[in-house]
Amino acid sequence: MATALLLNDDFYTNTDDKYLEIFSLIWLDANVDVKDNRDTEVKLRSIINHIKKFQDIEQCEQYIDQTSQKDRLILIVSGPLGQEIVPSIHQLRQVISIYVYCMDKNSNEQWVHKFSKVKSVVVDLDELVSQITTDHKIHKKVEEPLSINIFSTNVGAGKSTTGVNGQFVFSQILVDCLLRLKSTEIDKNELIGLCEKEYEGNNTELNNLREFQQDYLPDKVLWWYTKESFFYKILNAALRTQNIHMMFLFRSFIYDIYRQLQKYQSKHPLQVYRCQLMSNDELNSLKQNIGQFISVNSFFSTSDERRTALFLLGDITTQIDSERVLFEIDADPKIFNTKPFADIRKHSCFPHESEVLFMIGSIFRLNNIYRNDDQIWIVEMTLCNDDEHDLKQVLMHMKQQINNEETNLRILGNVLWEMGKFDLAEKYFIRSLKQLSSNDPLHISLYEDLGKLASQRGDYDLSMEWRQKLLTFKKENLLATNISVNKTNNSIEQSILVDHININTKWKQHGITVAGGNRRGNQLNQLSRPEGIYIDDDHQTIYIADCGNHRIVEWKYEAKNGQVVAGGKEKGKRSKRLHYPTGVVVDKNSDSLIICDRDNKRVVRCSRQNGTNGETIISDIDCEGLTMDNNGNLYVSNWVKNEVRRWKQGESEGIIVAGGNGQGNHLNQLNWPTHIFVDGDHSVYISDHHNHRVMKWMKGAKEGVVVAGGRGQGNSLTQLSHPEGVIVDHLGNIYVTDSHNHRIMRWCEGSKEGSIIVGGNGEGEEPNQFNLPKGLSFDVQGNLYVVDCWNYRIQKFEIDLN
């Protein structure tokens, strides 16, 4: 079927076309290569980059006939050749406008009036450029294909809705997956390289590209999206044609748009409008699904001014081959769990345009379709929440599978595999392999995936090659083979449940310095009073709350230096500054860092993708520690009010889940709570610093129980002295930093005394000593990481296999 609506067979095609934009110019003229024409071609490329020239009618007609109906073609043709080719190609959906360039205007105007797509007959090249420039401003708004998926409960005789409904679900899953998949410099360089190749010889776009490389900032993404440049053209084409690899390369910028739409989310209900030119077949497809749900696979641009939208449909008295359609959309931001939408005019390159932009994957209910007195088709729709349709259980289950892990290339590959995109799945599995360290346990899963995928495609020789690589890897990496990891949800600070850690597990007593250790300082190889730590195994990265330097540092495994990802501009209250940050966690759903900015009395969210700009999500709080649970709820300890509160997503006021009964040592009280941990049952474990104990508050409990220490300050095995970091493993064993005793202890569930697992050798800077240790964490292999605060270093203690 013809498409301004891309459905069914066109879904998620991964085109290898030589050009990346939707619009192309076709120039058919026996003298197309004369010098004047070549000069005009340069001017035209600043409007529509791709120009294909022909001197032969047959070749031109064959080329046009074979282009996809997702493309949009503008034809420039000489008078004599136009009379031959226009009648045969005029009815094709991909041809949207025709310009006759000739020497004899009068005679050619005699035949063109029969063809509504012929916009003008011109004899001057400058006039041709001017006409195409003017018309294209409208074309790009009303002629771009509208890529949608329909959820249908209508089942006709001999038909099934499974395919189209599957597309509906997978369109949602793919976008969610891409939003959580961290971009790399390799990806960004590949994108820039493709753009440079695409626009070779087009100085206008190459200048835009250079400006983008030099000046791009995440908070300017809406300006770039609305600017008439390569950024909008290629991104829009990738989304509308569902070119998955281009979407993959653009994903960090898609994420930036998503965050800006969230930030500027409309606060009040809106009625907005969008005009579209559609074929009769496309319109009929919508008519057959009144009462159903549609999801839009691209950013959906609308106007809150009906007159503006209608203007783009042109003179309604002029007959055209397409149907004029006006979408009327009701959108209420108070509906729970919708994709964001926002009035972006203040952030647009064209602030005078009243544009309201909806996020990719927005879901609408198709309420009604009718033709009004002006012969315009009105399509009435309502914005819906993401789980209102009957597939919500399937969709929620699939999202939960992704949410329970940080999205990586393997997860993306598995989503594409389920979609039947075997070549792309293989591509991302292999891409993931290339990014891993030589002994990363993820090799095992990827080799298994690649072997199964090759078998499914019938390539049994290749399957055996992958399985041989798997056996070789296992033989050479015995530790990786024995590791079995069960993560609850690593949006939680460090709730890593490592099955091979048990009551008999021991760690080597001499630590390895993996960050800092170069005395106190603010250079990239130094730390100053670090406090909190977060281990990101998927990216082999340590995030450190470098408290004394007022910054968060990202430190890659085995790196000599860290990289500042938040703060670091001296202490302060501005969005880019921090003041004694004491904790950091990664929210993998939004791919952001959440920071306990203690002395600014706030909790800050900062994108991992895009530098140091942060937004305050909790203000006026004396925060000390923080973590997240498996629902994405945030828990923060307040050392002044001696309480821990839970903030659900979007809530302005937190709920007390521990303490809140004044300073004291009773079971319903706390005294300077610091680090916290939440397990899979939402029980909260708190280092009750001045009470020298660790408390466990079960969900909904009015008081806690002592699970470590609680026998006064001291250094016996039944005591603690100013506990800090705390983690609980899958057996309920508690690991706690006993800071003033300079040791790390383990308390088995129900035990009255603990055991020293590392440290306990007095204050010092030797590899087996600490000086006021703070945070602690495990990595995926069960190695223990300790923040050695006053030695200004992070120590790694490996499992002792002997």
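For every chain, the first residue of the written sequence is number 1, and numbering continues from 1 along that sequence. Given that this is a predicted model, residues contribute local features only at a pLDDT of at least 70 and side-chain atom pairs are listed and counted only at 80 or more, while totals for whole chains, interfaces and linings are drawn from all residues. Calculation of side-chain values draws on the structure's entire complement of heavy atoms; hydrogens and water are dropped beforehand.

Student: I'm lost on the sheet that holds strand β22 (residues 581–587) in this one. Help?
Tutor: What holds strands together in a sheet is hydrogen bonding between their backbones, with the strands either parallel or antiparallel. Taken together, the four strands give an open sheet; going across it, the order is β22-β23-β24-β25, and neighbouring strands pair in antiparallel fashion. At either end of the open sheet lies a strand with only one pairing partner, and these are β22 and β25 (614–619). Averaged over all neighbouring strand pairs, the angle between strand axes comes to 25 degrees, with direction disregarded. Strands are treated as partners if at least two bridges between them are detected by DSSP. To qualify as a helix, a DSSP run of H or I must reach at least 4 residues; to qualify as a strand, a run of E must reach at least 2; elements of each kind are numbered from the N terminus. By the bridge criterion, six bridges tie strand β23 (residues 592–597) to strand β24 (residues 602–607) in an arrangement that is antiparallel. Within β24, the residue paired with Ile 595 across the bridge is Val 604. Lines are fitted to the C-alpha atoms to define the axes, a helix being fitted only along its stretch in contact, and any angle between axes, read from their N-to-C directions, falls within 0 to 180 degrees.

Student: Teacher, can you tell me more about helix α16 (residues 409–418) here?
Tutor: In an α-helix, one turn spans 3.6 residues; hence positions three or four apart end up facing the same way. Only protein chains enter the accessibility calculation, which uses a 1.4 Å probe; a residue whose area is less than 20% of its type maximum is buried, one above 50% is exposed, and one in between is partly exposed. Of all ten residues that make up α16, seven are buried, and the element is covered over most of its length. Within the span of α16, buried status applies to Leu 409, Ile 411, Leu 412, Gly 413, Val 415, Leu 416 and Trp 417. A positive backbone phi angle near 85 degrees is found at Gly 420, which sits one or two residues after α16.

Student: Looking at this model, I keep getting lost on the UniProt feature "repeat: NHL" (unreviewed entry) in the chain. Mind explaining?
Tutor: UniProt positions are given in the numbering used here, feature names are shortened, and annotations may be inferred rather than shown by experiment. Those residues carrying the UniProt feature "repeat: NHL" (unreviewed entry) are residues 519–558, 719–744 and 764–800 in this numbering. In residues 719–744, helix accounts for 0% and strand for 50%; the two terminal C-alpha atoms are 12 Å from one another.

Student: In this structure, what is going on with the nonpolar core? I would like to understand it.
Tutor: The tendency in soluble globular proteins is for nonpolar side chains to be buried as a group. We call a set of buried Ala, Val, Leu, Ile, Met, Phe, Trp, Tyr and Cys residues a nonpolar core when their side-chain atoms join them within 4.5 Å. One finds Phe 231, Phe 299 and Leu 412 to be the most contacted residues of the largest nonpolar core, which totals 68 residues. Among the elements that make up this core, the one with the highest residue count is helix α6 (residues 162–179) (eight residues). Where a domain begins and ends is set by an automatic assignment or by a domain database. Looking at which domains feed residues into this core, each of domain 2 (148–153 + 161–401) and domain 3 (409–479) supplies at least three. Not counting residues within four places of it along the chain, the set of residues in contact with Phe 231 comprises Phe 212, Val 221, Trp 224, Tyr 225, Phe 250 and Phe 253. Grouped together as the second largest cluster of nonpolar side chains are 26 residues, Ile 501, Ile 727, Val 728 and Met 745 included. Note on definitions: a residue-residue contact is assigned when non-hydrogen atoms from the two residues lie within 4.5 Å.

Student: Explain the pattern of salt bridges here, please?
Tutor: Once their charged atoms are close, side chains differing in charge can pair, the charge on each being opposite to the other. A carboxyl oxygen of Asp or Glu within 4 Å of a side-chain nitrogen of Lys or Arg is what we treat as a salt bridge. Following the criterion strictly, the structure yields 37 salt bridges and no others. For Glu 190, the salt bridge is made with Arg 431, and the minimal N-O distance between the two is 2.8 Å. Separated by 241 residues along the polypeptide, Glu 190 in helix α7 (residues 185–198) and Arg 431 in helix α17 (residues 422–435) bring together distant segments of the chain. Arg 345 serves as the salt-bridge partner of Asp 343, at 2.7 Å between the closest nitrogen and oxygen. Overall, Arg 345 belongs to the partly exposed group, its relative accessible area being 24%. Beyond isolated ion pairs, a larger network of salt bridges with shared partners links Lys 140, Glu 205, Glu 228 and Lys 233.

Student: What am I meant to see in the side chain of His 136 here?
Tutor: Among the structural elements, His 136 can be located in helix α5 (residues 125–142). Assessed through its relative accessible area of 6%, His 136 is described here as buried. In contact with His 136, other than residues within four places in its own chain, are Phe 23, Ile 47 and Ile 48.

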